[in-house]
Amino acid sequence: MTASHRAFMRARSVIAGGVNSPVRAFKGVGGEPIFMQRGEGAYLFDVDGRRYIDYVGAWGPLVLGHADPDVTRAVADAAARGLAFGTPTEAETELALEVRALMPGLEKLRFVSSGTEATMTALRLARAVTGRDKVIKFEGGYHGHPDSLLVKAGSGALTLGVPTSPGVPAALAAHTLVARFNDPDSVGALFDRHGHEIAAVIVEPVAGNMNCVPPVAGFHEHLRALCDQYGALLIFDEVMTGFRVAPGGAQALLGIRPDLTTLGKIIGGGLPVGAVGGPAALMDQLLPDGPVFQAGTNSGNPVAMAAGLATLKKLKAPGFYETLSQRATDLTTGLSQAAARHGLAYATNAVGGMFGLFFAEGPVRYYEDVMGADVDRFRSFFHGLLGLGVYLAPSAYEAGFVSAAHTQADIKATVAAAEQVFSRLAGP
Ligand code: KE4
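Residues numbered from 1 in each chain as written. Predicted model: local features only at pLDDT ≥ 70, side-chain atom pairs only at ≥ 80, totals over all residues. Heavy atoms only, no water.

Draft legend 1. Fine view of the layout of surface pockets. Considering only enclosed or pocket space, the second largest pocket measures out at about 770 Å³ in volume. Pro 88, Glu 92, Leu 109, Arg 110 and Phe 111 are, among the 30 residues lining the second largest pocket, the residues nearest its centre. Broken down by secondary-structure element, the contributors of at least two residues to the lining of the second largest pocket are helix 3 (90-102) and strand 4 (108-112). Ranked by residue count, the leading element in the lining of the second largest pocket is helix 3, at five residues. Of the residues belonging to the lining of the second largest pocket, the class tally is 13 nonpolar, ten polar and seven charged. (1 Å grid on protein atoms, 1.4 Å probe; cavity = no way out; pocket = protein on both sides within 12 Å on 5 of 7 lines; lining within 4 Å. Points joined across faces, edges and corners; volume = space filled by probe spheres on them. Helix = DSSP H or I, 4+ residues; strand = E, 2+ residues; numbered from the N terminus. Nonpolar A, V, L, I, M, F, W, Y, C, P; charged D, E, K, R; others polar.)

Quick look at the structure:
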């Protein structure tokens, strides 16, 4: 019996499902979750002492890798001055200025403690300033778990088969309209029918919660034009793509200026930080200057601010994103070539430091392409790699991530391990 199994049994006795976030539970791949006890650079170490090359990176935040010395030092220094004050601190201003320097569309922002709080706030703000109730999201899109957004959601909701969660009042879900990602006509049809009732369109500019699916050319331009035509706000949920696909996020890569942007993950450098930002005219509608309520005990926590600031400063190093993107494309190219050598239907996507792997002919551009992929094969692939010391996200519906700590040798070792698994999957 492994230490991980013992740890899981003990956790299950006191924590719902033994995990504090459902996608960690391995329900999407079968088996029991692995309990980790240490991270170092590109590697995770479990409670049984096994090492893994990590492609989850705590679900996106660790773009520098685990335990980056500059980040951990900044956290230790901040913690030594006190963990929380419940007052404004200059650390919050410093991080806000650093974010705005990278994402100039965020003239002002408000820090919160999770991506969920960020999207919840963005939605409330959009509804308040437009006086409208309806919101458009996309099937397979995941924006955390505000009630209004747990309709045909992705990530853990998709992995565990509850894309529309029980407990969300039908009266509320009725205000959530669902379109098809990468299909502008599906959005136009909703605007044709509900146009002036729609407060906002919220979209992951690169879908990362129905695995990784990039936008097709013109998709976001179309969303921008429809929102302008009907007076709805365009919300880019960049919790995952922010500082992941480019220094200025997907909005910089795409050249699209959303009305509101939500951030999380990397902005906290591994500690709990989210943010919502946009033009001052919108953001000043939030209390205390405006009437829209929003608050949080842990918002702007100075230790978390220090982690985020130390992280963002390192992203500005020359060539940072070129190397990060190269690692992701070297990985997906190597895996595709290995799968092809074994005659397996296999497709990949990669944008910046995030990627997607599918047992499907490809290309994977739409939700139904993702749902048509062979999940059983993914499960076998996941466990085969796990046994060879490679840790992928335990779900066919999650994106993967590389970090600045992943070396070319790590990528080559991963492809070599995958070659062994592909060989087994292809059979004699
Ligand atoms: P959090 O509340 O989990 O910090 O952020 C919610 C969220 C919002 N928007 C996007 C685009 C997101 O990807 C997320 C969270 N992502 C998932 C993984 N795909 C977090 C992992 C988990 O739920 O345990």
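There's plenty left to go through after this.
Draft legend 2. Expanded view of the site of the ligand. Around the ligand there are 17 residues in total, and Ser 21, Thr 116, Asn 209, Asp 237 and Glu 398 lie nearest to it. Between the ligand and the protein, one listed contact pairs an oxygen atom with a backbone N or O atom of Gly 115 at 2.9 Å. At a separation of 3.0 Å, a nitrogen atom of the ligand approaches a polar side-chain atom of Lys 265. Contact with the protein chains covers 87% of the free accessible surface of the ligand, which is 540 Å². Partitioning the shell around the ligand into residue classes produces five nonpolar, eight polar and four charged. Taken together, domain 1 (3-67 + 318-426) and domain 2 (69-314) each give at least three residues to the shell around the ligand, which thus spans both. (Near = heavy atom within 4 Å. Polar contact = N/O pair within 3.5 Å; in protein donor to acceptor, adjacent residues only side chain to side chain. Areas by Shrake-Rupley, 256 points an atom, 1.4 Å probe, with all protein chains shown as cover. Domains from an automatic or database assignment.)

Draft legend 3. Summary view of the nonpolar core. Residues Phe 191, Phe 243, Phe 381 and Phe 422 are the most contacted members of the largest nonpolar core, which totals 100 residues. When residues no more than four places from it in sequence are discounted, the contact partners of Phe 381 are Tyr 346, Leu 357, Phe 359, Leu 392, Ala 418, Val 421, Phe 422 and Leu 425. Among the nonpolar cores identified, the runner-up in size contains 16 residues, and Ala 122, Leu 125, Ala 200 and Ile 202 belong to it. (Core = buried A, V, L, I, M, F, W, Y, C linked by side-chain atoms within 4.5 Å. Buried < 20%, exposed > 50% of the residue type's maximum accessible area, 1.4 Å probe, protein only. Contact = heavy atoms within 4.5 Å.)

Draft legend 4. Highlighting unusual backbone geometry. Residues Leu 287 and Pro 288 are joined by a peptide bond in cis, for which omega reads 10°. Locating Pro 288 in the fold gives a position in the loop between helix 10 (280-283) and helix 11 (302-315). Put simply, Gly 362 and Pro 363 share a cis peptide bond, and its omega is -5°. Checked against the element boundaries, Pro 363 lands in the loop between strand 12 (354-358) and helix 13 (367-371). A positive phi angle is found at Phe 26, which is not glycine, with a value near 70°. Note that Phe 26 resides in the loop between helix 1 (3-12) and strand 1 (36-40).

Draft legend 5. Structural detail: helix 3. The terminal C-alpha atoms of helix 3, which comprises 13 residues, lie 19 Å apart, in line with the 18 Å expected from a rise of 1.5 Å per residue. All of the buried residues in helix 3 are Glu 92, Leu 95, Glu 98, Val 99 and Leu 102. For helix 3, the angular spread of the buried residues around the axis is 130°, confining them to a single face. In helix 3, the exposed residues that point more than 90 degrees away from the buried face are Glu 90 and Ala 101. (Expected span 1.5 Å × (residues − 1). Arc of directions from axis to C-beta.)

Draft legend 6. How the structure looks around the side chain of Asp 46. Checked against the element boundaries, Asp 46 lands in strand 2 (residues 43-46). A polar side-chain atom of Asp 46 sits 2.8 Å from the main-chain amide nitrogen of Arg 50. Leave out the neighbours within four places in its chain, and Asp 46 touches Ile 34, Phe 35, Met 36, Gln 37 and Tyr 52.

Draft legend 7. Inspection of the pairing of strand 7 (residues 198-203) at higher detail. Strand 7 sits mainly inside the fold: six of its six residues count as buried. In this sheet, strand 7 lies alongside strand 5 (residues 134-138) in parallel orientation, the contact comprising three bridges. Each bridged residue has a counterpart across the sheet, and for Ile 136 the counterpart in strand 7 is Val 201. The pairing of strand 7 with strand 8 (residues 233-237) spans four bridges and is parallel. (Pairing = 2+ DSSP bridges.)

Draft legend 8. Here's a closer look at the environment of Pro 205. Within the fold, Pro 205 resides in the loop between strand 7 and helix 8 (219-230). With 55 residues separating them in the primary sequence, Pro 205 and Leu 150 have C-alpha atoms 18 Å apart. Beyond its immediate stretch of four places on either side in the chain, Pro 205 contacts Phe 181, Pro 215, His 220, Phe 236, Asp 237, Glu 238, Thr 241, Ala 250 and Leu 254.

Draft legend 9. View of the packing of aromatic side chains. Summed over all chains, the structure comprises 17 aromatic pairs. When the ring of Tyr 52 is compared with that of Tyr 391, the centres are 6.0 Å apart and the planes differ by 65°; the resulting orientation is edge-to-face. With Tyr 52 in strand 3 (residues 51-54) and Tyr 391 in strand 13 (residues 390-391), this pair connects stretches of sequence that are 339 residues apart. Just as Tyr 52 is buried, Tyr 391 falls in that class too. (Phe/Tyr/Trp six-rings, centres within 6.5 Å; stacked < 30°, edge-to-face > 60°.)

Draft legend 10. View of the sheet that holds strand 2. Spatially, the four strands line up as an open sheet ordered 1-2-3-13, and their pairing is mixed. Only two strands of the sheet have a single partner each, and these edge strands are strand 1 and strand 13. Taken together, the three bridges between strand 2 and strand 3 define a ladder with antiparallel strand orientation. Opposite Tyr 43, over in strand 3, you have Ile 53 as the bridge partner. Running over the sheet, helix 15 (residues 408-426) touches strand 2, strand 3 and strand 13 and is turned about 105° from strand 3. (Axes fitted to C-alpha atoms, helices over the stretch in contact; angles between N-to-C directions.)

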